[in-house]
Each structure stands twice: as structure tokens, then as C-alpha cells.
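# Residue-level structure breakdown
Spelled out from the first residue to the last, the chains are:
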Amino acid sequence: MNKSFDRRTFLKGATTGVGLGLVGVMGLYSYSPLRKAHFPNVDRKMTDIGTLKSVHVTNISETSWFENAVLMGDIKKAGGLLVNQYDYNWPPFGNGKGLGKGSYEEGIAKIKQYLPHDLEKAWSIIEQECVSVDNAGGFAALLDIEELDGTKRKFLLDSGWSYKWMDECFKREGIDAMLRNKEIEALIISHEHFDHYWGLPVTLKYDPDITIYIPEGFYEEGKQYIKDSGHTGKLIEVKNGLNKIIPGLATYVFPVPIICRVFGEQSIYCNVKDKGLVSVTGCCHQGIIQFAETAYNELKYENDNFYGIYGGLHISPFDDWDPKYDDLVISLRNYDFDVIGCNHCTGLVCANKFIQAGYPVVRGTAQHRSKDTAYLGNGDTITFG
Amino acid sequence: MMRINFIPGVRQRLGWRGMRACPQAPMGLTARIEDRTGIYGLYPSTEQRVGREGVATFSLFYFPEPEDDIINAYSLAAGFAAYDASYLDRLRDFPIHTEFAQLFHIGEIEVRLAPDDQLTLSLIAPQRDRTIAVEGISARLHGTHQTLVEPGGLDQDLPCHDLAYPFFEILAASLAYAFEQAPTALQCEQTDHVKRGFDTTGEVWQKLDPEHTLDALRLGWTFSANGSHPTFAPIDPREWSRDSNAAARYEQAKWWNPMVPGARHSMDKSTMGIEEKPKLILLTGFLGAGKTTYLSHFIEHQAARNQFVAIIQNEIGEKGLDARLLGQHYAVEEIDEGCVCCTLIDNLTAAIDLICQSYQPDFIVVETTGLANPANLLSELSELEDRLEFSSVTCILDALNANTGLETYDIMRDQIAVADTILINKVDLAAAPQVEALKQTIHHLNPFGRVHLTTDGDISPRTLYGVNFEGPQKIAASAPCGCSHDGHEHHCATHHHYGISSKIWHPSRQIQKEALEAFLLALPPTVLRVKGLVRLAQDDGLWVCQHVPNSVQLTRYRGTDTPVEFLVFIGEDLEEPLARVDDAVSVRLAAPA
């Protein structure tokens, strides 16, 4: 039987003016034409990760590098975003052959004997062998946790990039003393990227025995670097998914591919009593959408409320098919965070847009080479709870 | 999926036109592809082990644009859903709207992974999926009864395989690209398919559809050096028969070529990031229209996508202020005093070459002074065609001042005429009729330019230039200049023709804020722009001053250096204000006792 009229005309007429509900349609049945498409359960799992009283974040450094032009220029000249980060001849892995012609093996061979006890000597070699040495900075943050019973615990998120810069920052914030006194119970590495991970020897210089958490997905060079840097403590490779650390603090590993041949990012969730969920991210390469939705689907958190967020923010790894949806400002609104501390990958214009939109952004002081008060900059702090 | 998205050139050439994970069901994906106006949806459905193979299936959906003819082929229920106001919102999160989504289900994509490094990707979809409305479907509309489907007639007659194939082809090509190899085997199979009948109680019967089969198109990859050819061993209870003739149909399919066509080099290490020519954007617009603010949005948008922007800036005044205002250091190569179009054509080419060699940017934005005539520039820039890809001439207008400007200055008309993209900025400051009048004027001057309204220069570059930045229009570098002056052959009028110049003033004392604001607002409109860095008496701090007729902006200077204070005046008849400014705004010296 042929259709004797154009459905579109009918549908258009039916929906404009009248509205679908007013069309009395008889005989219409909603069915599944093919084998029923199977939609696995989307119930919330409500996993309990415990609660803690408060988390205080100190931004040790958020300036991953100082000149974006130099970094992007290096990336482009070496061949683009798919090139293996260890091949760049960026500090600390240099063989003197110039941009893009490096390798982990050759680079580490030149400095291994000085790690982690004599970073000055290692750095003087690095200055000879590597490119764009002064551009390297790094990302690292200190988490001061207070548990419900008042116990205080410290965790370090990431160890930055440049030995020189990170050591300065560590000393500025007193991290060196804390590590020597073993006040920091673990180093959590968010992902294998150069600006979060390659500064590892700086942490190990003061506490080579510290427990380290890395996400599943590290490549050979990354794993080897832990040994070559003189780590003597426990190494925990966190599998994809949820990983509880202490009551109220958990990490979640997202199996995502990241530029410069990196895989997997680990982000931190804290459940603050009476307030809600706080997230602390390195770069959030998986995107704020996936990050928040994962929290929603998997975790149980106080007041069912997204309380705070700290770190670098991306919306999603994709470019939407509708440009309107690429707006981080709009996306963040959906999650209704009470406190926002952004830096680093978020973008200054974006951070300022958050502020203009009236979002609860905690301002920084733009010191120690951080660029703008819209960011929580180097040396700035934020307390949740 | 994520890896191929890292490089816009790759995903564009593979055929993707945007994708997004479903916000409330992150395992699901919606995507748009070239040549198709609708949106595809993909969602994992089952996973199991069959013998030694792991098998995962994904359900594939196609949500057409309501205006698309294909709506007629879908069931009426689907048609109603597509015309509902919530259609777009629901399809974005289709996995949580199961009944809605099922109306648009067109097939399955199956992935099999065998332990000896074999991967099979299959598209399983019926040639046509038909459903019969046993009792017919009718509607009462405006009091009249209308039969939509005769009893026993077809409610749905959907060419599923044809709809699914374009998506499958792009998916397979993406896999070939990611694996750096084409599939080594292809097989087509068929099995029986059913048509269904339903009445108001539900589905009542299923019958063999003798005219249409359920088709499977299978591609196999082998990864190990001595791996065996993929065998496509049957793994489900359906009886499949091979279709040997089908293979010929797919000879031209995209997946056979793992090198993305158009990529200049093959996949060796040094060129894995596809080397494309930098895209050139010519940014024009009168003084103070908001070019710098627009640029800061643009730069950050690109930086968030790891795209590198180089800006060639030109400042008719002696000092380049904007680099400092932007506060970022994304390779700003300033060209010396003078207008890019009139005196420094050679320098521009040299500057672009220098930038390309040092930085290999993805974008080069030439920000011309408010007085530049882009037509003049374009013919010169055509020399660079082998090194650059012309993307756009974008013109930014100040909603507040453009109407008056257009009456007085020919150059503004020329800027609009030659642009392909026009932004009317600061619409929050202007009245609606003013903006409307401006739109009309623009349309007369340039019927083909795309006009957008903005506040603060805030607009997604993708809205302006298309997803993947492939642009809705390309501009020919040697397009005839649309100047309003007659009698010229090649070089159009330069700004000297208009009597506009620039003068700089260096304050020797601190400045009173109120006096400065009063002075600037009182200037005649022939002074088009004043900007600079001044030290204000109230806090002995450095402030950035920006002025266009009717507006003064003072913001704290964020730099860490202490540059020389200055104010640059741009316009006509500048001698008079320059003679007065010192007395008018500077702090008075204490009177001698």
C-alpha cells in the first residue's frame, strides 16, 4: 500500500498551532521494529566512599609551562599531537640531538645517576641536552584532609615538570619539609603527561619511600621512570574505575587516550560531610561531562550535591555537532557547583566568563608567575568544608 | 573515536562533522557526518564470548532532520517524535529515552576480537524494515477525520542498510586510519528478515519478508605478521548465506585507504600530525569595534583544542598596545608603524613566512588596523596561496558607532563589502532599531556576507567558520575588490586618502581620572580612537585607557613590567586636542607657597 499523502505536511500541520497532544490519533502504536535494542541499566550505583570533614587544597604550581607559543611551536615542529612525548627532547629527557629526536632511554642515561639526590647536577646536564628548558613549569597541588574524627592527613597530587621550578615551589610552600618528615602519605599521579609527572624526582628527593598511585595506562617509559628516579616505596597501579583510598577520598581512573601518546587519567573525588562532592582534577582530559556523570551514576555523596571543583577543566574530548553546546560555561551550569576553583587548562577567557556569569569562582592572587586572579594561582589555597 | 578527534583535518576528511558523548549516558554517542543532515546514535548493547572470540554489539540509530524526506519512511510514531519540541534534547540523551530511541533504530554494529589478533567490524541491518498497521491509523484534526494509513497498509518502510552504510563507512575508515592499515578481507552475507504487523493491542504477527533480507557487511583486519586471513566464522544461530557479488559494490569504499586523502604525507613519525597549510583569517573592523576582545575568545577557543594561533598585529599608532592587553604570549609578531595594506606588504609576507617557520601555527590572524582596506591586501596576499589557506575575511563592527561611521567613511563600507563574515559587536549597548538599521545597510553593501550579533566579541569560532573550521564559504584571494572609488586599477585608496593620521602623547605627570574621562568624552567625533597607558593619581597605578566616541574604558594594567606611559590619538585634526590634553588631564603641580 502506498502512502497517499506526504506525512511531513501532515506532521508539520499537526504540530504547529494545534500541538501534538490535541491531535486525536487512533491506531498508533509505539513498538520496536527490530530486535529490541538492549539498553543496559542506567540505575545509579550509589557506592559509598565514606565522608571526611574538609579538604584544603594548596596550589603548589599550576603554571605547567610559561609560554604557550613555545610549547605549541615545539609540538607542531616535532610533528603534532600524536608524537610520543618522550621523543621531544624536552626536559628532563635530552640527548642533545634537537627537537623531536629524543628518546627516553638516551635521555635517562645521562641523568639517572644523579636522581633523585642531586637534582642540580642533573639539571645542569639537562640544560645542555634538552630544548625549551626554561619553558617548563609544572602542575602540583597539596591536599590537606581532615577526617571526621579530626585526624589530619596530607596527599600530593602530581609532581610537576621542571626539577628547578618544582623544587623552588616545593620550598616556597614547605612541601620539602613535609615530605622529609613523612607528613605526606602518598603521591597521586593524575596522568603520564610531562607537566604532571616528569618532575617525580623532586618529590623523591625528599621522600624516596613515599607511596605512589599511578593510573592504569602508563607506557613502558613511564613505569621505568619510577624505578630510574630512585623510588623505594610502594607503587600502586590503580585499575580503571573507582579506587577508595581513605574514608571520603577516592580516585577514579578514566581510560581515555590523551594527546602526546598518553593514556588514562586519574581524578580525585572527596565526599565532604554535610556539603557534598568535591572533585580535584589534574587536567580532566575526559571532560567535565563524563566526570560529573560518572560521579552521578556511581557514587553516593552528601546531600546529593556537587559541592566543589578544583583544577583544570575541559568540557569533552569531542567537538559537538552543534557549536552552541561547546560552551563550558553552559555545561558547568548543569552541575550547579557551589565552589569553583579553576586554573591551568581551563582558559583565562573562560574563567573570566564564569565570573561574569556569576558562578561561585574563588579568585586567586596572581602571584609567583600565575597570570590572572581569575585563576587560583601558584600559592593560592581553597578550602572545601 | 577519541584519537581521530585530536586532529581536525583528519576528522574532517574522514567525514565526521561533530560528535558528543550522551551527557546522561556517557557510553552512548551522537554524531553527525558529511552529506547527512540527521544525527546518528551509537550505544553498546551486548557483549559476550563466543568460543575464543569476544563479541560486542552496538545499536545504531538515525535521527533524521524533520524536514528530510526520509521521515516519510519512518513509522508515524517516529514522525510525531521528530516534530515534537523536545526532539533534539531527547536524541542527545537517547539511551535514557528507550521507547523514543527504538523508533529510530536502524541496525547493529558488531565488533569481534579474536585472540590471534584479528578484528572484525560488521554492519548488520535489514535492506528494508517494514511494519504493517493491521487496523490502519487515522487522526482527527480540526474536527475532520483523516486516514493516515489504510488498514493493512505500511506504517514503516525504512531502508535501514542504506541509512546505516554512510556511518559504517566512515567508522571503518576511521579504524583503518587509527590502525594504519586497511582491512584485509570483506564479506557480505544475508539471512531472513521479517515484517511485522501490529494493531492497537500491540504486535500481532511476524512474517517472513520475502522481498528483503537482513544484510551483514563484514570487514576483517589482521594485525599479527603471520596471522591467518579473517574467516568470519558464524557465531550466531541465524543461517547466513554468502553473497559473492556484493564485494564489487564496495570497491570505492573509503576504508581501503588508511592514509587520509589530502594528507600531505604518509604516516611517518615526523609528519603524523597532518601538515596542513595554516588557515588565514583577515580581521578587519573600525577602530574600537572590539577586534582584540574577539581575538582573545578566538585564541582561547583554539588553545583549548590544542590549536595554535599566530597573530600578526598592526598598530597605526607608534606603540603596539594590544599584545599587552591580551596578556598572553601566543606569538604576536608586531608589524611596525604604518598600515599593513599601504606600506608594508612585503613585510607582511616576510612576517608570515617567519611565523610559519618558527611556529607552524594552525591559524594566522592578520589583525589590520581599523583603517586598512582589506581589498588592497587580498590581492597581495594571493602570492601566499601556496603557503596559506584563505579562510575568511571577518569584519567586526561597533553597533554603537557604525551607523555614523558608515555615513562618513568610505573605508568602512569597503571593509564590509569584502568580508564574508560580519560581526555586529556591542549589541548590548545599542538600541534595537539601531542594530536593525545597521543590518539593512550591511545587506545592501554585502548581500552574501553572513552577519552575526555579538556582545563582547563572544561567539564560538565554530559558529562562524563551521565545525572543524572548514568554513561555510571560502573566499577567493583574487576576488575583485568591492571598493567604492572609481577610476582605480589595482591599488585601492589607502588611509592617507581619508586624512586620518595618528599622534602620540607622553604624559609627564600623573593624570586625574575624572578629568581624563571628561576630556575624552568631550572630544569631537573626528577623533576616532584614543588608547594607551596612563598613571592615575588616585592610586599611582598604571591603567589601560580605551576610547571611541561616546565611550571611555579604564582598566588596571596587568603586566609586571613598567612601560612608558602614552596615549595615542587616531583621527582627523588632531593638533587641537593634543595641544590641550596636558593641561586638561594632568595633576596640577602644587602652587608655590
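What counts as what
- Residues numbered from 1 in each chain as written.
- Chains lettered and ligands numbered in written order.
- Predicted model: local features only at pLDDT ≥ 70, side-chain atom pairs only at ≥ 80, totals over all residues.
- Heavy atoms only, no water.
- Phe/Tyr/Trp six-rings, centres within 6.5 Å; stacked < 30°, edge-to-face > 60°.
- Helix = DSSP H or I, 4+ residues; strand = E, 2+ residues; numbered from the N terminus.
- Buried < 20%, exposed > 50% of the residue type's maximum accessible area, 1.4 Å probe, protein only.
- Core = buried A, V, L, I, M, F, W, Y, C linked by side-chain atoms within 4.5 Å.
- Contact = heavy atoms within 4.5 Å.
- pLDDT = per-residue confidence, 0-100.
- Arc of directions from axis to C-beta.
- Axes fitted to C-alpha atoms, helices over the stretch in contact; angles between N-to-C directions.
- Parallel < 35°, antiparallel > 145°, perpendicular 65-115°, else oblique.
- Left-handed = near helix turned anticlockwise from the far one by under 90°.
- Nonpolar A, V, L, I, M, F, W, Y, C, P; charged D, E, K, R; others polar.

Okay, the packing of aromatic side chains next. Counted under the stated rule, the structure contains 47 aromatic pairs over all chains. Ring geometry for F254(A) versus F291(A): centroids 5.9 Å apart, planes at 50°, classification tilted. Of this pair, F254(A) sits in strand β10 (residues 249-258) while F291(A) sits in helix α10 (residues 288-298); the two residues are 37 residues apart in sequence, bridging distant segments of the chain. In terms of burial, F254(A) and F291(A) fall into one category: buried. Ring centres of Y165(B) and Y250(B) lie 5.4 Å apart, and the angle between their planes is 40°; this geometry places the pair in the tilted category. One end of the pair, Y165(B), is in helix α5 (residues 160-179); the other, Y250(B), is in the loop between β13 (241-242) and β14 (279-285), with 85 residues separating them in the sequence.

Further remarks concern the nonpolar core. Counting residues in each nonpolar core, the largest one holds 93 residues, and the members touching the most others are Y163(A), Y225(A) and F354(A). Beyond its immediate chain neighbours, meaning those up to four positions away, Y163(A) contacts P92(A), I111(A), L115(A), L119(A), A122(A), W123(A), I126(A), W198(A), G199(A), P201(A), V202(A) and Y225(A). Judged by nonpolar contacts, the second largest core, of 73 residues, contains I70(B), L91(B), L121(B) and C188(B).

With that out of the way, let us pick up the confidence of the model for chain B. Residues and elements named next belong to chain B. Summarising the model, chain B shows a mean pLDDT of 75, and 76% of its residues fall at 70 or more. Below pLDDT 50 for its whole length, residues 471-498 participates in 60 contacts with residues either more than four positions away or in separate chains. Across the interfaces of the predicted complex, the ipTM metric reaches 0.70, alongside a pTM of 0.70.

Take helix α3 (residues 104-111) of chain A next. All names here are of chain A. Taken together, the buried positions of α3 are occupied by Y104, G107, I108 and I111. All buried residues of α3 lie within an arc of 90° about the axis, which places them on one face of the element. Those residues of α3 that are exposed and aimed more than 90 degrees away from the buried face are E105 and A109.

Residue and element names in this part refer to chain B. Two elements in contact, helix α14 (residues 513-521) and helix α15 (residues 575-585), have axes whose closest approach is 9 Å; the angle formed by their N-to-C orientations is 155°. On the basis of the axis angle, α14 is roughly antiparallel to α15. The way α14 lies across α15 gives a crossing that is right-handed. Contacts between α14 and α15 involve A515, L516 and F519 from the first element and P577, R580, V581, A584 and V585 from the second. Here the contact of α14 with α15 is composed, by residue class, of 7 nonpolar, no polar and 1 charged.

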